[in-house]
Amino acid sequence: MLHPGCKGHAALRVTTENTAQAMESGELPVLATPAVAALVEKTCWQTIAPELELGLTTVGTSLQLAHTAPTPIGMVVQCDCEVLEVTDRRVRFSFRVYDDVTEIAHGEHERYLVDADRFLKKAESKA
């Protein structure tokens with residue numbers, strides 16, 4: 001059952017593939033903000049996925065991210081998240097991302113519970 005206080009964790013090594021240079025979000029060979037966002041979404045999604053009924057999944061709907069420090073290639077960044085609120089189908093998280101030296105990002109993320117089949121049919125109806 002989903003409830004406030006549920007916590008999760010995931011990690012990511014900075015490689016040439018997830019730099020700002022490679023992801024075209026900047027010119028420097030440091031961890032890209034889009035890669036930080038993807039790590040946050042993955043951490044939050046995986047934290048609550050085991051608690052969902054068969055056929056349900058979550059989709060990200062909002063991300064407030066402050067990426068405040070650079071991380072070079074080779075370092076590992078870690079993300080900790082916590083469920084702050086569960087309201088009907090809405091799940092709100094706080095998160096913190098850090099490397100071996102300092103916090104590099106923080107913020108809040110929102111996900112919604114959806115029926116996977118119905119959601120895909122809705123998406124495919126646009127084609």
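Just so it is clear, the model here is predicted, and its values are computed rather than measured.

Reading guide: rules and limits
Residues numbered from 1 in each chain as written. Predicted model: local features only at pLDDT ≥ 70, side-chain atom pairs only at ≥ 80, totals over all residues. Heavy atoms only, no water. Pairing = 2+ DSSP bridges. Helix = DSSP H or I, 4+ residues; strand = E, 2+ residues; numbered from the N terminus. Axes fitted to C-alpha atoms, helices over the stretch in contact; angles between N-to-C directions. Core = buried A, V, L, I, M, F, W, Y, C linked by side-chain atoms within 4.5 Å. Buried < 20%, exposed > 50% of the residue type's maximum accessible area, 1.4 Å probe, protein only. Contact = heavy atoms within 4.5 Å. Patch = residues over 30% accessible without salt bridge, like charges linked within 9 Å, V, L, I, M, F, W, Y side chains within 5 Å. Areas by Shrake-Rupley, 256 points an atom, 1.4 Å probe, with all protein chains shown as cover. Salt bridge = Lys/Arg side-chain N within 4 Å of Asp/Glu carboxyl O. Lys, Arg positive; Asp, Glu negative; His and termini not counted. Charge placed at Lys NZ, Arg CZ, Asp CG, Glu CD. Polar contact = N/O pair within 3.5 Å; in protein donor to acceptor, adjacent residues only side chain to side chain.

S.K.: Can you lay out the sheet that holds strand S3 (residues 76-87) for me, pointing to particular residues and giving the numbers?
M.R.: Spatially, S1-S3-S4-S5-S2 is the arrangement adopted by the five strands of the open sheet, whose pairing is antiparallel. Pairing within the sheet leaves two strands with one partner each, and these edge strands are strand S1 (7-13) and strand S2 (56-67). The sheet shows a mean angle of 25° between the axes of neighbouring strands, direction not considered. Sheet topology places S1 next to S3; seven bridges connect them, and they run antiparallel. The residue bridging His9 from the neighbouring strand is Asp80, located in S3.

S.K.: Quick one: what's the story with the nonpolar core, residue by residue and with numbers?
M.R.: Core analysis: the biggest nonpolar cluster contains 26 residues, and Leu31, Val36, Val40, Val77, Phe93, Val97 and Ile104 have the highest contact counts within it. Elements represented by at least two residues in this core include exactly helix H2 (33-48), S3, strand S4 (90-98) and strand S5 (103-115). Not counting chain neighbours up to four residues away, the residues in contact with Val77 comprise Ala10, Ala11, Leu12, Val14, Leu31, Leu39, Thr71, Val97, Tyr98, Asp99 and Ile104.

S.K.: An account of a positive patch on the surface is requested, with residue identities and associated values reported.
M.R.: Residues Arg89, Arg118, Lys122 and Lys126 make up a contiguous surface patch of positive charge. Relative to the helices and strands, Arg118 resides in helix H3 (residues 116-124). Relative accessible area serves as the criterion here: at 63%, Arg118 is assigned to the exposed category.

S.K.: So what's going on with the pattern of salt bridges? Residues and values would help.
M.R.: All told, the structure shown has six salt bridges when counted by the stated rule. Notably, a salt bridge pairs Glu103 with Arg96, separated by 3.2 Å at the nearest N-O pair.

S.K.: Quick rundown of H3? Include the residues and the values.
M.R.: Along H3, only zero of the nine residues are buried, which leaves the element largely exposed. The N-terminus of H3 is capped by Asp115, whose side-chain oxygen sits 3.2 Å from the backbone nitrogen of Asp117.

S.K.: Explain unusual backbone geometry to me, using residue names and the numbers behind them.
M.R.: Even without a glycine there, the phi angle at Glu24 is positive, about 60°. By secondary structure assignment, the location of Glu24 is in the loop between helix H1 (20-23) and H2. Since its relative accessible area comes to 74%, Glu24 is described here as exposed. Despite not being glycine, Asp88 shows a phi value in the positive range, around 55°. Along the polypeptide, Asp88 turns up in the loop between S3 and S4.

S.K.: So what's going on with the environment of Cys6? Which residues, and what values?
M.R.: Within the element layout of this structure, Cys6 appears in the segment before S1. According to the relative accessible area criterion, Cys6 is buried, its value standing at 17%. Along the sequence, Cys6 and Cys44 sit 38 residues apart, while their C-alpha atoms lie 10.0 Å from each other. Among residues more than four places away in sequence, those in contact with Cys6 are Thr47, Cys81, Glu82 and Val83.

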